[in-house]
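An overview of the molecular structure
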Amino acid sequence: MSVGRYKKYRSAAEFAAAVDAYFDKIEYEEPARHPDAWVSGKYIPGDPILNKDGEYIMLKKYVVPPSVIGIQNAIGVSRETWSNYSDVPSYAEVIEYARRRIEEYLNQALIEMGRDNKGVIFSLENNFGYREKRDDTVHQTTADISDTLTPEEKLEALRKLELIRDEGGDVP
C-alpha cells in the first residue's frame, strides 16, 4: 500500500474554483469606448461602444498579467503539484482552461499599441508553441538565371531591358 499526501484540491471542481478565484482577483471588465477628445480645451470622454444588439462591448483588463506561476502561488501549489495535476484528465481540463486564458491575454497584449512586445512574443513562442514565420526561400540571382539562358535568350532579354529604359519605365 503506497502512502502519499492528500491532494490539496480533492476534486477538479474545487481546483477550478481556486483557479477562477485567481483570475477574479486580477481582472476586471470595462466598456470599450470611442476615443476621448479635447474640445475647446475641455476633456470629453469617449462614448461607450455598443454591439449590434445594443449591448456594451466589454474589454477584459488585468491589474497584473496572468501567469501560470501566478496561479500556482495564489492557490498554494508547487510547480511539481501543478504538473502532477496535469496528468489527471479532469484536472488537466482546468489547467488547459487556465492556459487558454493566459494565451488570450498574451494575444491581446501582442496587438495593443505602444507596448514592448518582446516578452509577450517570448512567452507565446516558449510556452504556447507559436513560431515566427520566416521566408527561407532562396531567390535566384541574375547570375543564376543567365547561366540557364541561351545566347539568343540573353540578347532578347537585353533588348527588352533597353526598351523599358527607353520608355522611361523602371528596370525590373
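Overview of the structure. (Residues numbered from 1 in each chain as written. Predicted model: local features only at pLDDT ≥ 70, side-chain atom pairs only at ≥ 80, totals over all residues. Heavy atoms only, no water.)

**Here's the deal with the overall build of the protein chain**
Of the regular secondary structure elements, the protein chain holds seven helices and four strands. For the protein chain, the α and β elements follow one another from N to C terminus as α-β-β-β-β-α-α-α-α-α-α. Counted over contacts in the protein chain with a minimum sequence separation of 6, partners at least 24 positions apart contribute 55%. When the accessible surface of the protein chain is totalled, it reaches about 13500 Å², and 53% of it is carbon and sulfur. (Helix = DSSP H or I, 4+ residues; strand = E, 2+ residues; numbered from the N terminus. Contact = heavy atoms within 4.5 Å. Areas by Shrake-Rupley, 256 points an atom, 1.4 Å probe, with all protein chains shown as cover.)

**Structural notes on the environment of Glu 125**
Mapped onto the secondary structure, Glu 125 falls in helix 5 (residues 118-127). By relative accessible area, Glu 125 is classed as partly exposed at 25%. Apart from the residues within four sequence positions on either side, Glu 125 is in contact with Tyr 130, Arg 131 and Glu 132. (Buried < 20%, exposed > 50% of the residue type's maximum accessible area, 1.4 Å probe, protein only.)

**A word on unusual backbone geometry**
One non-glycine residue, Ser 40, adopts positive backbone phi at about 50 degrees. With respect to the helices and strands, the residue Ser 40 is situated in the loop between strand 2 (37-39) and strand 3 (42-44). By relative accessible area, Ser 40 is classed as exposed at 78%.

**Section: a nonpolar patch on the surface**
Nonpolar side chains collect at one region of the surface, where Tyr 28, Val 63 and Val 64 lie side by side and expose about 280 Å² of accessible area between them. Within the secondary structure, Val 63 sits in the loop between strand 4 (58-62) and helix 2 (68-75). (Patch = residues over 30% accessible without salt bridge, like charges linked within 9 Å, V, L, I, M, F, W, Y side chains within 5 Å. Salt bridge = Lys/Arg side-chain N within 4 Å of Asp/Glu carboxyl O.)

**Re the packing of helix 4 (residues 89-111) against helix 5**
A pair of packed helices is characterised by two quantities: the angle between their axes and the separation of those axes. With their axes 9 Å apart at the nearest point, helix 4 and helix 5 run at an angle of 145 degrees to one another. The interaxial crossing formed by helix 4 with helix 5 has left-handed handedness. Counted together, Arg 99, Glu 103, Leu 106, Asn 107, Ala 109 and Leu 110 of helix 4 and Val 120, Ile 121, Ser 123, Leu 124 and Asn 127 of helix 5 form the full contact between these two elements. Classifying every residue of the contact of helix 4 with helix 5 gives six nonpolar, three polar and two charged. (Axes fitted to C-alpha atoms, helices over the stretch in contact; angles between N-to-C directions. Left-handed = near helix turned anticlockwise from the far one by under 90°. Nonpolar A, V, L, I, M, F, W, Y, C, P; charged D, E, K, R; others polar.)

**Regarding the packing of helix 1 (residues 12-26) against helix 4**
Taken N-terminus to C-terminus, the directions of helix 1 and helix 4 make an angle of 15 degrees; their axes are 9 Å apart at the nearest point. With respect to their mutual orientation, helix 1 and helix 4 come out roughly parallel. Like other packed secondary-structure pairs, helix 1 and helix 4 cross with a definite hand, here right-handed. Note on element contacts: helix 4 touches helix 1 through Ser 90, Tyr 91, Val 94, Ile 95, Tyr 97, Ala 98, Arg 101 and Ile 102, opposite Ala 12, Phe 15, Ala 16, Val 19, Asp 20 and Phe 23. Its residues assigned to classes, the contact of helix 1 with helix 4 comprises eleven nonpolar, one polar and two charged. (Parallel < 35°, antiparallel > 145°, perpendicular 65-115°, else oblique.)

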